[in-house]
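# Secondary and tertiary structure notes
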Amino acid sequence: MNKIFTSLLVKTIGFYINFLSFVFPEKATLLAYKFFSEPRSGKLSPEAIPDILKKRRLKSSK
C-alpha cells in the first residue's frame, strides 16, 4: 500500500509541475527547485555511484 501511495504521489507532483510550466513557468521553476534540490541523506558509498559518474575523470586545475 505504501509503495502505491508513494508512486501516486510522485506522479501527481510531476503532473502538477508540468501543468504549471505551461500556465505559470516561473512558479513551476520555483516549485521544482524546492522539491528536487534537497541533498541526498547519508553518505554515498562507492558501490552506489552511477556508472556515468564513475567514467568521468576530474580535470586538474593546473
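Residues numbered from 1 in each chain as written. Predicted model: local features only at pLDDT ≥ 70, side-chain atom pairs only at ≥ 80, totals over all residues. Heavy atoms only, no water.

### Let's talk about the overall build of the protein chain
Note the cut-off: Under the scheme used here, helices are H or I runs from DSSP no shorter than 4 residues and strands are E runs no shorter than 2 residues, and both carry numbers assigned from the N terminus. Three exposure classes are used, based on accessible area relative to the maximum for each residue type with a 1.4 Å probe and protein chains only: buried under 20%, partly exposed in between, and exposed over 50%. Where accessible areas are quoted, they stem from the Shrake-Rupley method and a 1.4 Å probe; at the residue level, only the protein chains shown are allowed to cover.
For the protein chain, the count of helices and strands is three helices and zero strands. Helices and strands appear in the protein chain in the N-to-C order α-α-α. In the protein chain, which comprises 62 residues, the proportion classed as buried is 6%. Here the protein chain has roughly 6,600 Å² of accessible surface; of this, 65% comes from carbon and sulfur atoms.

### Some words on a nonpolar patch on the surface
The test is simple: Residues enter patches when they are more than 30% accessible in relative terms and free of salt bridges; like-charged ones are connected within 9 Å and nonpolar ones (Val, Leu, Ile, Met, Phe, Trp, Tyr) within 5 Å. One speaks of a salt bridge when a side-chain nitrogen belonging to Lys or Arg is within 4 Å of a carboxyl oxygen belonging to Asp or Glu.
Taken together, the side chains of Phe-15, Phe-19, Phe-22, Val-23 and Phe-24 define a hydrophobic patch exposed on the protein surface, amounting to about 630 Å² of accessible area. Positionally, Phe-22 belongs in helix H1 (residues 2-23). In this structure Phe-22 comes out as exposed when scored by relative accessible area, which is 73%.

### Here we look at the confidence of the model for the protein chain
Cut-off, in case you're wondering: pLDDT runs from 0 to 100 and stands for how confident the predictor is about each residue.
Taken residue by residue, the protein chain gives an average pLDDT of 80. The fraction at 70 or more is 87%. The least confident element of the protein chain is helix H3 (residues 51-55), whose mean pLDDT is 72; the most confident is H1, at 90.

### Considerations on the packing of H1 against helix H2 (residues 25-36)
Inclusion rule: Lines are fitted to the C-alpha atoms to define the axes, a helix being fitted only along its stretch in contact, and any angle between axes, read from their N-to-C directions, falls within 0 to 180 degrees. Geometric relationships in this document are graded by angle, where less than 35 degrees denotes roughly parallel, more than 145 denotes roughly antiparallel, 65 to 115 denotes roughly perpendicular, and other angles denote oblique. Here, residues are in contact when the closest pair of their heavy atoms is within 4.5 Å. Throughout, the ten residues Ala, Val, Leu, Ile, Met, Phe, Trp, Tyr, Cys and Pro are labelled nonpolar, Asp, Glu, Lys and Arg are labelled charged, and all others, Gly among them, are labelled polar.
Remark: H1 packs on H2, axes separated minimally by 6 Å, with the N-to-C direction vectors making an angle of 150°. With respect to H2, the element H1 is oriented roughly antiparallel. Every residue of H2 that contacts H1 at Ile-13, Tyr-16, Ile-17, Leu-20, Ser-21 and Val-23 is listed here: Pro-25, Lys-27, Ala-28, Leu-31, Ala-32, Phe-35 and Phe-36. When its residues are assigned to classes, the contact of H1 with H2 shows 11 nonpolar, one polar and one charged.

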